[in-house]
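Remarks on the overall topology
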Amino acid sequence: MKFGGTSVEDARAFGRVAELVSRHTASRPVVVVSAMSRVTDALLEAFEAATRGEHEAALRSLEVHFERHVAIARELLTAEAAAEFGATVEAARRELEGALREASGQTRPLPLLQDSVVSCGEQLSSQLLAAVLRARGLKASHADARRCVITDDEHGRATPLREETERHTRELLEPLIDEGGIPVLGGFIASSAATGETTTLGRGGSDFTAGLVGAALRAREIQIWTDVPGVLTADPRVVKDVRTIPRLSYAEAAELAYFGAKVLHPKTILPAVVRNVPVRICNSRAPASPDTVVYFDAEMTPRTVKAIAHKTGVSIVHVTSARMLGEYGFLRAIFEVFERHRTAVDIVTTSEVSVSLSLEDTSALGPIIEDLSRIAAVKVESERAIVCIVGEGLRSTPGIAGRVFSTIKDINVLLISQGASTVNLTFVVEERHAAEAVRRLHEAFFECATAELLAQIGGH
Ligand code: ADP
Ligand code: ASP
Ligand code: MG
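In short, a report on the structure. Just so we're clear, the structure is a prediction, and the values are computed from it rather than from any experiment. (Residues numbered from 1 in each chain as written. Chains lettered and ligands numbered in written order. Predicted model: local features only at pLDDT ≥ 70, side-chain atom pairs only at ≥ 80, totals over all residues. Heavy atoms only, no water.)

Focus: empty space enclosed by the protein
- Per the stated rule, a full pass over the model turns up 2 cavities of 30 Å³ or more.
- Each pocket or cavity is described by its volume, and for the largest cavity that value is around 50 Å³.
- Of all the elements in the fold, those that place two or more residues in the lining of the largest cavity are α2 (39-51), α3 (55-76) and α6 (120-135).
- Ranked by residues supplied to the lining of the largest cavity, first place goes to α3 with 4 residues.
- Split into classes, the residues belonging to the lining of the largest cavity amount to 6 nonpolar, 3 polar and no charged.
- Counting residues per element, the lining of the second largest cavity draws most heavily on helix α9 (residues 250-258), which supplies 3 residues.
- Class assignment for the residues of the lining of the second largest cavity results in 8 nonpolar, no polar and no charged. (1 Å grid on protein atoms, 1.4 Å probe; cavity = no way out; pocket = protein on both sides within 12 Å on 5 of 7 lines; lining within 4 Å. Points joined across faces, edges and corners; volume = space filled by probe spheres on them. Helix = DSSP H or I, 4+ residues; strand = E, 2+ residues; numbered from the N terminus. Nonpolar A, V, L, I, M, F, W, Y, C, P; charged D, E, K, R; others polar.)

Re the site of ligand 2
- Taken together, the neighbourhood of ligand 2 is formed by Ser34, Ala35, Thr40, Glu122, Phe188, Arg203, Gly204, Gly205 and Ser206.
- Measuring from an oxygen atom of ligand 2, one finds a side-chain N or O atom of Ser34 at 3.2 Å.
- One nitrogen or oxygen atom from the side chain of Glu122 is found 2.6 Å from a nitrogen atom belonging to ligand 2.
- When ligand 2 is considered free in solution it has 260 Å² of accessible area, and contact with the protein chains removes 85% of it.
- Among the residues making up the shell around ligand 2, the classes are represented as 2 nonpolar, 5 polar and 2 charged. (Near = heavy atom within 4 Å. Polar contact = N/O pair within 3.5 Å; in protein donor to acceptor, adjacent residues only side chain to side chain. Areas by Shrake-Rupley, 256 points an atom, 1.4 Å probe, with all protein chains shown as cover.)

Section: the sheet that holds strand β1 (residues 2-3)
- As summarised here, the arrangement of the 8 strands in space is β3-β5-β2-β1-β8-β10-β11-β9, forming an open sheet in which the pairing is mixed. Unpaired on one side and paired on the other, β3 (140-142) and β9 (247-249) mark the two borders of the sheet.
- As defined by bridge partners, β1 adjoins strand β2 (residues 31-33) across 2 bridges and the pair is classed as parallel. Counted as the bridge partner of Lys2 is Val32 from β2. (Pairing = 2+ DSSP bridges.)

Section: the packing of aromatic side chains
- Under the criterion given, the structure shown has 6 aromatic pairs.
- Relative to Phe296, the ring of Tyr295 has its centre 6.0 Å away and its plane inclined at 70°; by these criteria the two rings are edge-to-face.
- Given the relative accessible area of 43%, Phe296 is considered partly exposed.
- One cation-aromatic arrangement involves Lys311 over Tyr258; the distance from NZ or CZ to the ring centre is 5.0 Å.
- In this arrangement the basic side chain of Arg403 is found over the ring face of Phe445, its NZ or CZ atom lying 4.8 Å from the centre. (Phe/Tyr/Trp six-rings, centres within 6.5 Å; stacked < 30°, edge-to-face > 60°. Buried < 20%, exposed > 50% of the residue type's maximum accessible area, 1.4 Å probe, protein only. Lys NZ or Arg CZ within 6 Å of the ring centre and 35° of its normal.)

Comments concerning helix α8 (residues 206-216)
- With 11 of its 11 residues buried, α8 lies for the most part within the structure.
- Within α8, the full set of buried residues consists of Ser206, Asp207, Phe208, Thr209, Ala210, Gly211, Leu212, Val213, Gly214, Ala215 and Ala216.
- Arg218 occupies a position one or two residues after α8 and carries a positive phi of about 50°.

What to know about the nonpolar core
- Counting residues in hydrophobic clusters, the biggest one holds 69 residues, and the most contacted among them are Phe3, Val21, Leu133 and Leu173.
- Setting aside residues up to four positions removed in sequence, Val21 forms contacts with Met1, Phe3, Pro29, Val31, Leu133, Leu138 and Ile182.
- Grouped together as the second largest cluster of nonpolar side chains are 32 residues, Ile222, Ile224, Leu256 and Leu415 included. (Core = buried A, V, L, I, M, F, W, Y, C linked by side-chain atoms within 4.5 Å. Contact = heavy atoms within 4.5 Å.)

Brief notes about a nonpolar patch on the surface
- On the surface, a nonpolar cluster with roughly 210 Å² of combined accessible area is contributed by Leu331, Phe335 and Val348.
- The topology assignment puts Phe335 in helix α11 (residues 330-340). (Patch = residues over 30% accessible without salt bridge, like charges linked within 9 Å, V, L, I, M, F, W, Y side chains within 5 Å. Salt bridge = Lys/Arg side-chain N within 4 Å of Asp/Glu carboxyl O.)

See the structure below:
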């Protein structure tokens, strides 16, 4: 059972989590928890301030968050347990003070220090949650996720090593579970196999921790408890009339997550697929509301389209060279540049003499352009957005692309990709048009009379 930041935002939310876990004790749960809401952002901001030399102000800016934890402990724990947790917070404060000071003096590599700072959010929330569960009479014990999830040493977005992670997770957690205990781990945080230092799995990475732990333990189900009723037909922050999608295939969920559905970290699905564990996305605020199950089944619905995802802040790199005409090795040369700068490419399209690629991570864009310019002419467009239509059977159903593009015919489409996966149709528009495109597509596929009729015929 993984609980996201909004599921542990205050004392009431902690209470709800305790209630949910206690209802599931017969299934022998393992609990993974994110940092309390806003804490990771605050830690990252504090870290940034420290690198500018403002480490004292940075630590002060975190006081309000320490206080949030302490207040919950005071409200939900016995005086003795609250005092014990107070000491944990004090230790975290000292650790942060040291790490922020080091960041200010840049005495150790910054990515390493950043992970040590940012990991405090999950360290605190997981210890607090374990204590809250014990206060409810559950046999919960805190387990250090850094001893379970073992990664490479790419700080900030480390990659777990599968075998080590499975072995360590089982060794640490199985004895606890066998004794009837409920292990409580922080999500997102891990440690490097090479150095033992704290690493993190990338923003939103607690879902991934749940996937890894669930797979390692051959869980019956991985439950992602969040603030919405499952995976919805579109981002609820953009579309009003969204609905819960009851079932998704692994492939559909992976595409949605990858192309912007924040409700699931894109890497969550992979360990689940390998071990064949279903993933359920549920609402911690209203546990009786509908939810989504992600599993192998590739079910086609009468609508075909199951959801629309989008992601803003995307850049497109156009690479043009006459050398590409009838030549081989050119694509390799281009992709080597992205590999060298450890930058993932989302969409690729090609013509005779040019290649266009979309990127989300533009932190290395300068050096990438410099390297690409040695082999071709390069042009970059920023402030773009990817829109992705997802549904099993999409590639083999006529009329979908026609309907998509006629629905947004006055919005300029800059790049299109379909066919590489059987379940999605993806295209790029200017960022300022993305919300409008998603709203109109949602209306066309889910809200208009034909869409409703189709759904009724299919009994969905
Ligand atoms: P948590 O803190 O539980 O990890 P997140 O904020 O990471 O929660 O993810 C949940 C949020 O994802 C929702 O509140 C919603 O705004 C957003 N979201 C974006 N697309 C979708 C979608 N298709 N279905 C559900 N939620 C979505
Ligand atoms: N706390 C981390 C973040 O905010 C991880 C997570 O919430 O999944 O990115
Ligand atoms: Mg999340």
